[in-house]
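Listed below are the residues making up each chain.
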Amino acid sequence: MPLVRNQVFHGLVLRSQDYLDNDQLLYVFTDRFGIITFWLRGVKKPRSKKHYLALPFTYGKYQGSINRRGFSFLNDALQVQQFEKIATDLRLNAYTSYIYDLVLRAFAAGEVQLLWFNKIMQATKLINQGLDAQIITNIIEIQLLQPFGVQPNWHSCVIGGETQGDFDYSLVKAGIICQKHWTEDEHRLHLAPKAVSYLRLFAQIDLQRIGQIKVSANIKAQLRQTIDAIYRDSVGVYPKSKKFLDQMDHWQI
């Protein structure tokens with residue numbers, strides 16, 4: 001696809017990085033073109049009038065030239081807004097950065113993903129509004145498993161097909177197992193039934209319907225450990241932002 005000039009689109013800035021002396025590369029999740037890498041020329045110069053284009057945790061309506069085979073060029077923003085709480089809060093910053101890094105790894109550049117664009121926009125808004133950042137991140141992690149090619153069975157027992165009762169999670173069998181089959185996996189995670197209920201909910205919940213979040217610290221710890229184990233054993237993705245997030249949680253402890 002040749003360079004297409006003067007395209008207008010909505011976008012969410014996922015990451016920026018230095019490029020050459022005064023330039024930056026901007027990775028933007030767009031509603032019309034998927035993830036696009038923009039080359040911002042001279043944006044780091046002291047007198048640059050377009051430095052606002054490279055601010056982290058921003059979204060807006062942009063105008064630019066789209067190139068599927070190389071760098072695209074961001075000309076201007078018709079309107080742009082920053083998620084201020086995320087930008088100024090280290091903890092919220094860390095969770096949001098991790099979500100964005102997962103998105104950059106889950107989808108190929110230029111692959112239109114309007115459903116996921118809307119999901120990530122909503123997740124970012126909820127975190128910026130003060131809802132539990134870990135739980136929002138956990139929901140995104142669980143729902144991103146499918147794009148990563150990993151599809152645990154959250155619906156029914158992977159052995160007997162039961163859909164009701166208490167369940168645990170089996171890494172070996174890649175899904176939930178009901179109580180009467182617990183003996184068939186001695187390495188099951190021994191999760192509280194409520195933790196499994198949350199995991200099953202996370203797999204299908206619509207972020208647009210979330211108004212408040214109240215999850216106990218014990219259950220949150222089990223959710224974190226389970227999702228980490230799934231990503232470690234089945235996805236194999238551990239970006240630097242996740243490492244920093246884990247270190248930050250350790251500092252808090």
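Here we summarise the structure given alongside this text. Here the structure is a predicted model, which is why all the values come from computation and not from measurement. Positions within a chain are numbered from 1, following the residues in the order the chain's sequence is written. Residues qualify for local features only when their pLDDT is at least 70, as the model is predicted, and side-chain atom pairs are given and counted only at 80 or more; totals for whole chains, interfaces and linings, by contrast, use all residues. Derived side-chain values reflect all non-hydrogen atoms in the structure, with water molecules and hydrogen atoms excluded from consideration.

1. Description of the state of the cysteines
Now for step 1: Any cysteine sulfur atom paired with another within 2.5 Å is treated as part of a disulfide. What the rule picks out here adds up to zero disulfides.
Now for step 2: With no disulfide of its own, C178 lies 3.7 Å from the sulfur of C157, the closest cysteine sulfur.

2. Regarding unusual backbone geometry
Among all residues except glycine, the phi angle is most often negative; among peptide bonds, the trans geometry is most common.
Now for step 1: Here N6, not a glycine, exhibits a phi torsion of approximately 55°, which is positive.
Now for step 2: Take N6: it is sitting in strand β1 (residues 4-19).
Now for step 3: Phi at H190 is positive, roughly 55°, even though this residue is not glycine.
Now for step 4: For the purposes of this entry, the term helix denotes a DSSP run of H or I that reaches at least four residues, the term strand denotes a run of E that reaches at least two, and both are numbered from the N terminus. As for its placement among the helices and strands, H190 is situated in the loop between β7 (175-178) and α5 (193-202).

3. Some points on the pairing of β7
Now for step 1: For two strands to be treated as a pair, DSSP must find at least two bridges joining them. Relative to β7, strand β6 (residues 167-170) runs antiparallel, the two sharing four bridges. From the neighbouring strand, S170 faces β7, where its bridge partner is G175.
Now for step 2: Between β6 and β7, which follow one another and run antiparallel, lie four residues, and A174 among them has a positive phi close to 55°.

4. Notes on the side chain of R188
Now for step 1: Topologically, R188 is positioned in the loop between β7 and α5.
Now for step 2: What qualifies as a polar contact is a pair of N or O atoms within 3.5 Å, subject to a donor-acceptor requirement within protein and to the restriction that residues adjacent in sequence count only when both atoms come from side chains. Engagement of the side chain of R188 in a polar contact is seen with the side chain of D168, the distance being 2.7 Å.
Now for step 3: In what follows, a contact means two residues having at least one pair of non-hydrogen atoms within 4.5 Å. Ignoring any residue separated from it by four or fewer positions in sequence, one finds R188 in contact with D168, Y169, I177 and W182.

5. Brief notes about the pattern of salt bridges
Should their charged atoms come close, side chains of opposite charge can pair.
Now for step 1: Salt bridges are counted wherever a side-chain nitrogen of Lys or Arg sits within 4 Å of a carboxyl oxygen of Asp or Glu. Inspection of the entire model under this criterion finds ten salt bridges.
Now for step 2: Between D101 and R15 there is a salt bridge, and its shortest N-O distance comes to 2.9 Å. Placement of D101 in helix α2 (residues 90-106) and of R15 in strand β1 is noted, with a sequence separation of 86 residues between them.
Now for step 3: Residue D101 is classed as buried on the basis of its relative accessible area of 11%.
Now for step 4: Exposed residues in this analysis have more than 50% of their type's maximum accessible area, buried residues have under 20%, and partly exposed residues fall in between, with area computed by a 1.4 Å probe over protein chains only. Overall, R15 belongs to the partly exposed group, its relative accessible area being 29%.
Now for step 5: When the shortest N-O distance is used, the salt bridge between K44 and D18 registers 3.3 Å. Of this pair, K44 sits in the loop between β3 (34-40) and β4 (58-66) while D18 sits in strand β1, placing them 26 residues apart in sequence.
Now for step 6: Judged by its relative accessible area of 35%, K44 is partly exposed.

By themselves these figures say nothing about function.
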